[in-house]
Amino acid sequence: MANQAQAVLTRTDSAKATERAIFTAKSLFEHKLGSKLNLMKVSAPLFVAGSTGINDNLNGWERSVSFDAAGCKDMSLEVVQSLAKWKRLAARYYGLQPGEGLYADMRAIRRDEELSPLHSLLVDQWDWELVISKQQRSEDTLKSKVQLIYEALKETEAELAALDPLLPPFLPEAISFVTSQELEDRFGAGTTPKEREQLIAREKGAVFLMQVGGRLASGQPHDGRAPDYDDWQLNGDIIVWNPVLEMAFEISSMGIRVDEESLVRQLKDSGCAERMELPFHQMLLGGELPYTMGGGIGQSRVAMLLLRKSHIGQVQMSVWPQDIVNACRDQQIELLNVMA
């Protein structure tokens, strides 16, 4: 099998070989992720009812894709933007106990995404959720799971290197931890958050940027986060240095989920207190949902990183405007496109 896989990974002159390499990278990582975090794979919805409050509001301004359906009269349906809140309901549904978790393949349409080599209209993630106890809602718990995810990434990198000598390991042995306020203090409020991420990723190689969503000393948040799934004091992003693109490269956003107190605080701080009346939020405030942590890990991002691709369109099927297609063709970047 190793010889067969090696042939697949090194023969990169066809779309078929590329797809095989993508499958190999994703399969290796997915298996390790599920094993290290004790996650079972479950089915996931492509769309949810908009009235439930289950859909992810992301930064609050992105428009979901909504539609009506003949079989669901008087109901507005929305394509999921992530499964952040749905997974907590799913953990309750499956009766998971502390130390048990789930993950699913998530597909989303981001209609307001600014297209780039890192962003397409299609989002594909491993969305995972792990049940924890209230006592485990701590920074130590968060860091320990980040380290396990990074181990899974490193082990996948090593196995791909063993299959293909053109894919030598480049990630550092360990991931570093830093808060968004520490970054602002170090590099100054005159730098943008993205500039700070660039500087720390280049320096460390791999970093978990903690405490994203709340306001910093400058009065501005490092980045936007919906107020009703992650606790902004116990969350963060896994960012690595991408040697092909020579830039900071986010592969995951994750965190310990809000409890009753942090939900109320963050909704009020965000001017979204009216969400407390939605069914999901009522369940959380009523103590009907388990305490959890979770996140999303970009499937195309992981494949892109480990297979040394320079454009996300090389590892996923999406739709691109003609100017991007032409620009990629001029740079000899072959996008996956059956219409080509």
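Everything that follows concerns the structure shown earlier in this document.
First, a word on what this report is: a plain description of the structure on this page. Predicted, not measured: the structure shown is a model, and the values here were computed from it.

**Considering the environment of R63**
Its place among the elements puts R63 in the loop between β2 (47-49) and β3 (66-69). The partly exposed category is assigned to R63, whose relative accessible area is 43%. Once the C-alpha coordinates of R63 and D112 are considered, the two residues, 49 residues apart in sequence, prove to be 6.7 Å apart. For R63, the contacting residues outside a window of four places in its chain are Q81, R111 and D112.

**What about the nonpolar core?**
If you look at the biggest cluster of nonpolar residues, it comprises 52 residues, and the most contacted ones within it are F29, W128, I149, L153 and M254. Ignoring anything within four residues of it in the chain, the contact list for L153 reads F29, L171, I251, V302, L305 and L306.

**Considering the sheet that holds strand β7 (residues 176-179)**
Sheet strands associate in pairs through backbone hydrogen bonding, adopting either a parallel or an antiparallel arrangement. The sheet built from eight strands is open, its strands ordered β1-β5-β6-β11-β10-β9-β8-β7 with mixed pairing. Only two strands of the sheet have a single neighbouring strand rather than two, namely β1 (39-41) and β7. Neighbour to neighbour, the strand axes of the sheet diverge by 25° on average, direction disregarded. Where strand β6 (residues 122-131) meets strand β11 (residues 292-298), seven bridges bridge the pair, whose relative direction is antiparallel. Within the sheet, the bridge partner assigned to V131 lies in β11 and is T292. Packing against the sheet, helix α5 (residues 180-187) makes contact with β7 and β8 (206-210), and its axis sits at approximately 80° to β7.

**A look at the pattern of salt bridges**
Oppositely charged side chains can pair when the atoms bearing their charge come close. A full pass over the atoms with the stated rule returns 26 salt bridges. E30 is the salt-bridge partner of K41, the closest N and O atoms lying 2.9 Å from each other. Residue K41 is found in strand β1, and its partner E30 is found in helix α2 (residues 15-37); the two are separated by eleven residues along the sequence. The class for K41 is partly exposed, based on a relative accessible area of 42%. E30 gets classed as buried once you look at its relative accessible area, which sits at 16%. Here E203 makes a salt bridge to K204, at a shortest N to O gap of 3.6 Å. Accessibility expressed as a relative area gives 37% for K204, which makes it partly exposed. Taken together, the shared-partner salt bridges in this structure form one network comprising K32, K36, E151, E155 and E159.

**A closer look at empty space enclosed by the protein**
Applying the stated criterion to the full structure yields one cavity of 30 Å³ or more. Computed from the structure, the largest cavity encloses a volume of approximately 30 Å³. Along its surface, the largest cavity is lined by A84, K85, R88, E129, D228, Y229, R257 and F280. Looking at the lining of the largest cavity residue by residue, the classes come out as three nonpolar, no polar and five charged.

**Examining a nonpolar patch on the surface**
Judged by side-chain polarity, M40, Y93 and Y94 come together as a nonpolar surface patch covering roughly 350 Å² of accessible area. Overall, the relative accessible area of 34% leaves M40 in the partly exposed class.

**Some points on the pairing of strand β10 (residues 247-257)**
Extensive coverage of β10 is indicated by the burial of eight of its eleven residues. Of the strand pairs in this sheet, strand β9 (residues 230-242) and β10 are connected by nine bridges, and their pairing is antiparallel. Following the sheet pairing, D230 is matched in β10 by R257. Linking β9 back to β10 in an antiparallel pair, the connection comprises four residues, with E246 at a positive phi of about 55°. With five bridges joining them, β10 and β11 adopt antiparallel strand pairing. Looking at the pairing, S252 lines up with I297 of β11.

Calculation notes
Residues numbered from 1 in each chain as written. Predicted model: local features only at pLDDT ≥ 70, side-chain atom pairs only at ≥ 80, totals over all residues. Heavy atoms only, no water. Helix = DSSP H or I, 4+ residues; strand = E, 2+ residues; numbered from the N terminus. Buried < 20%, exposed > 50% of the residue type's maximum accessible area, 1.4 Å probe, protein only. Contact = heavy atoms within 4.5 Å. Core = buried A, V, L, I, M, F, W, Y, C linked by side-chain atoms within 4.5 Å. Pairing = 2+ DSSP bridges. Axes fitted to C-alpha atoms, helices over the stretch in contact; angles between N-to-C directions. Salt bridge = Lys/Arg side-chain N within 4 Å of Asp/Glu carboxyl O. 1 Å grid on protein atoms, 1.4 Å probe; cavity = no way out; pocket = protein on both sides within 12 Å on 5 of 7 lines; lining within 4 Å. Points joined across faces, edges and corners; volume = space filled by probe spheres on them. Nonpolar A, V, L, I, M, F, W, Y, C, P; charged D, E, K, R; others polar. Patch = residues over 30% accessible without salt bridge, like charges linked within 9 Å, V, L, I, M, F, W, Y side chains within 5 Å. Areas by Shrake-Rupley, 256 points an atom, 1.4 Å probe, with all protein chains shown as cover.

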